[in-house]
Amino acid sequence: MTSPPGLSIAVVGPGAIGGTVAAWLSRSARVASLTLCARTPLDRLVVEAPDGRRIEAHPRVITAPSDITAPVDWVLVATKAYDVAAASAWLAPLVGPKTRVAVLQNGVEHVERFVPFVAAGRIVPVVVDIPAERTAPGRIHHRREGTVVVPAGPAGDAFVTLFAESPIAASTTDDFTTVAWTKLALNCAGAVNALTGRPGGVVREAGIADLMRGMVEECVRVGRAVGADLGDHLPDWVVERAETSPPDSINSLLADRLAGRPMEWDARNGVIARLGATHGIATPLNLMAANILAVMK
């Protein structure tokens with residue numbers, strides 16, 4: 001399926017993911033208009049691409065929902081998972097009869113977060129793996145190409161075509177639940193970095209790898225209970241990825257803690273504890289992580 005030319009797109013949230021996606025979409029021949037919905041004005045987007053190129057984009061930037069004059073074909077929500085209420089303020093003027101809303105967030109509750117504001121059939125959940133860091137407002141280092149994965153179907157096919165002219169590999173899957181929970185297995189273990197205040201190399205300290213492995217084991221048990229097809233290899237796979245990552249790498253949860261910003265503890269660890277309780281599965285490690293991160297300042 002090929003998307004028709006002349007699409008109008010709004011990206012809500014100009015952080016590392018939203019800014020990277022917006023910059024690449026601005027170069028697509030399929031996109032006729034691109035609007036960036038931000039809290040504060042930006043003069044432009046500048047992305048240092050994985051191949052060393054410097055990508056500049058000059059989308060229309062609006063800072064208030066009242067500035068929106070018409071609905072768009074696609075809304076891409078790239079805010080933090082805890083920021084749904086603020087993101088929803090943009091949806092009423094942006095969503096028209098044919099608008100699709102793609103949710104590019106962490107966790108496994110993409111649809112559940114937004115059904116109070118948009119019909120479930122309009123929502124396209126997206127699992128995002130785009131290694132990018134915001135170095136300043138509107139300035140982003142896109143380290144590696146990355147991927148976006150959506151459920152198979154007409155909406156998913158249309159979403160994938162948006163990225164045909166970018167280095168971001170977009171694809172559909174018949175088992176989105178498994179893809180989302182596999183990403184959650186990675187994300188839940190990353191809480192260790194925020195809890196310790198230390199970057200990737202902390203996994204080499206005594207007991208830390210076992211702690212991460214235990215958190216992923218809890219995630220696997222809960223994921224299987226909700227229908228995800230998760231293999232026994234996942235805990236070791238997550239730890240191996242952590243051990244082979246640069247020791248100075250900083251995940252987004254730790255970056256938020258260091259910057260004094262709110263953290264996505266519920267989308268990464270709290271959801272495992274909540275759904276675990278629903279299914280009668282003990283999740284003491286993820287519950288501990290969620291409770292501690294929730295009160296950190």
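Source: prediction; values computed, not measured.

(A) Local environment of the sheet that holds strand S4 (residues 54–57). Here four strands make up an open sheet; going across it, the order is S4-S3-S10-S9 and the pairing mixed. Taken across any chain shown, the strands that pair with only one partner, and hence form the sheet edges, are S4 and strand S9 (132–136). Pairs of neighbouring strands in the sheet enclose a mean axial angle of 25 degrees, with direction left out of account. Running over the sheet, helix H1 (residues 16–25) touches strand S3 (45–48), S4, S9 and strand S10 (139–142) and is turned about 95 degrees from S3.

(B) Molecular detail of the environment of Gly-223. The residue Gly-223 is located in helix H7 (residues 208–225) in this model. Using a relative accessible area of 0% as the deciding quantity, one classes Gly-223 as buried. C-alpha separation for the pair Gly-223 and Ala-170, spaced 53 residues apart in sequence, amounts to 24 Å. When near neighbours in sequence (up to four residues on either side) are disregarded, Gly-223 contacts Trp-181, Ala-228 and Leu-230.

(C) Up close: the UniProt feature "domain: Ketopantoate reductase C-terminal" (unreviewed entry) in the chain. Mapped onto the present numbering, the UniProt feature "domain: Ketopantoate reductase C-terminal" (unreviewed entry) falls at residues 175–295. Helix and strand shares over residues 175–295 are 68% and 0% respectively, and the end C-alpha atoms of the span are 35 Å apart.

(D) Representation of the sheet that holds strand S5 (residues 60–62) in the model. In spatial order, the strands read S5-S2-S1-S6-S7-S8-S11-S12; together these eight strands make up an open sheet with mixed pairing. Strands with a single pairing partner mark the edges of an open sheet, and in this sheet they are S5 and strand S12 (169–173). Within the sheet, the average angular offset between the axes of one strand and its neighbour, ignoring direction, is 25 degrees. Note: strand S11 (residues 147–151) against S12, five bridges, orientation parallel. Bridging across to S12, Val-149 finds its partner in Ser-171.

Criteria and cut-off values
- Residues numbered from 1 in each chain as written.
- Predicted model: local features only at pLDDT ≥ 70, side-chain atom pairs only at ≥ 80, totals over all residues.
- Heavy atoms only, no water.
- Pairing = 2+ DSSP bridges.
- Helix = DSSP H or I, 4+ residues; strand = E, 2+ residues; numbered from the N terminus.
- Axes fitted to C-alpha atoms, helices over the stretch in contact; angles between N-to-C directions.
- Contact = heavy atoms within 4.5 Å.
- Buried < 20%, exposed > 50% of the residue type's maximum accessible area, 1.4 Å probe, protein only.
- UniProt positions renumbered as here; feature names shortened; annotations may be inferred.

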